[in-house]
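# A structural walkthrough
Listed below are the residues making up each chain.
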Amino acid sequence: MSEDRLLWLARVIGLAGLGLLIFSSVGGVVMSSRFTAKVGRKFAWLKGNRIFRYHRLFALIGAALFLLHPVPTLFASRTTGGLNLRQMLVPFSAQQQAFYTGLGSLAFYVLAIVAVSSLLIKWMKFSYWRVLHYGTYLLLALGLAHGLFISAEYKPGELFDFKEPEKLLLLAMTAVVLCFPAWRLFIKYRRANAIALDGPKL
């Protein structure tokens, strides 16, 4: 397989993984809102336990793809300037596209922390787990920045080549991710208003 094809394969796997992680995050936001309880009475597939199963399944598949996506680039060393496993694991140590490759390395470590905390949720205080789970937002930010800024052909100084359709897809994903904090703030605002109007429950 040519090096161009290997880099294309790495991009496709990375996009699929990031897309599934974003979809899983949407499920997490839905589970944390009262929307699930209200609509779940009418639509069985929106019930909380089912959303949780999908949330976890998509997160696992997305994480696996996200972690595997740089593997094809290891076999395209001529194009990537000799990129190897050590340079992938040590942030900002790559010979080409060092900063943007480093963002992907940082995303890898944040993903590892979030994944391990999710596996250990039964043995952790919920408040600790929740703080670590908010790392998902950092993971998505790093992953999106890595994908948007890195050159698909590893050309130095090339940013935002919108001739590449995946860059436009990444921009659409970024717009979706930016909706998360807005939705969280909206939920908090609604709950605060409900408490102010109804008064605290005894």
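Residues numbered from 1 in each chain as written. Predicted model: local features only at pLDDT ≥ 70, side-chain atom pairs only at ≥ 80, totals over all residues. Heavy atoms only, no water.

With that settled, the discussion passes to the packing of helix α6 (residues 98-119) against helix α8 (residues 135-149). One can describe the packing of α6 onto α8 by two numbers: an axis separation of 8 Å at closest approach and a directional angle of 155°. Classed by the angle they form, the pair α6 and α8 counts as roughly antiparallel. Of the two possible hands of crossing, α6 and α8 adopt the one that is left-handed. Between α6 and α8, the contacting residues are Y100, T101, L103, G104, L106, A107, V110, L111 and V114 on the first element and G135, T136, L138, L139, L142, G143, A145, H146 and F149 on the second. The residue makeup of the contact of α6 with α8, split by class, is 12 nonpolar, 6 polar and no charged. (Axes fitted to C-alpha atoms, helices over the stretch in contact; angles between N-to-C directions. Helix = DSSP H or I, 4+ residues; strand = E, 2+ residues; numbered from the N terminus. Parallel < 35°, antiparallel > 145°, perpendicular 65-115°, else oblique. Left-handed = near helix turned anticlockwise from the far one by under 90°. Contact = heavy atoms within 4.5 Å. Nonpolar A, V, L, I, M, F, W, Y, C, P; charged D, E, K, R; others polar.)

Glancing now at the packing of aromatic side chains. One pass over the structure, following the stated rule, counts 8 aromatic pairs. Ring geometry for F23 and F58: centres 5.0 Å apart, planes at 90°, overall edge-to-face. Taken together, the positions of F23 in helix α1 (residues 3-31) and F58 in helix α3 (residues 48-68) put the pair 35 residues apart, joining distant regions of the chain. Take F58: its relative accessible area is 24%, and that puts it in the partly exposed class. Taking 6.5 Å as the distance between ring centres and 35° as the angle between the ring planes, the aromatic pair formed by Y54 and F58 counts as tilted. Residue Y54 and its partner F58 are both found in helix α3; the two are separated by 4 residues, about one turn of the helix. Taken together, F92, F99, Y100 and F149 form an aromatic cluster joined through their ring pairs. (Phe/Tyr/Trp six-rings, centres within 6.5 Å; stacked < 30°, edge-to-face > 60°. Buried < 20%, exposed > 50% of the residue type's maximum accessible area, 1.4 Å probe, protein only.)

Once that is clear, we can look at a nonpolar patch on the surface. Together, M1, W8, L9 and V12 give the surface a local cluster of nonpolar side chains, amounting to about 420 Å² of exposed area. Tracing the sequence through the fold places V12 in helix α1. V12 sits in the partly exposed class, given a relative accessible area of 36%. (Patch = residues over 30% accessible without salt bridge, like charges linked within 9 Å, V, L, I, M, F, W, Y side chains within 5 Å. Areas by Shrake-Rupley, 256 points an atom, 1.4 Å probe, with all protein chains shown as cover. Salt bridge = Lys/Arg side-chain N within 4 Å of Asp/Glu carboxyl O.)

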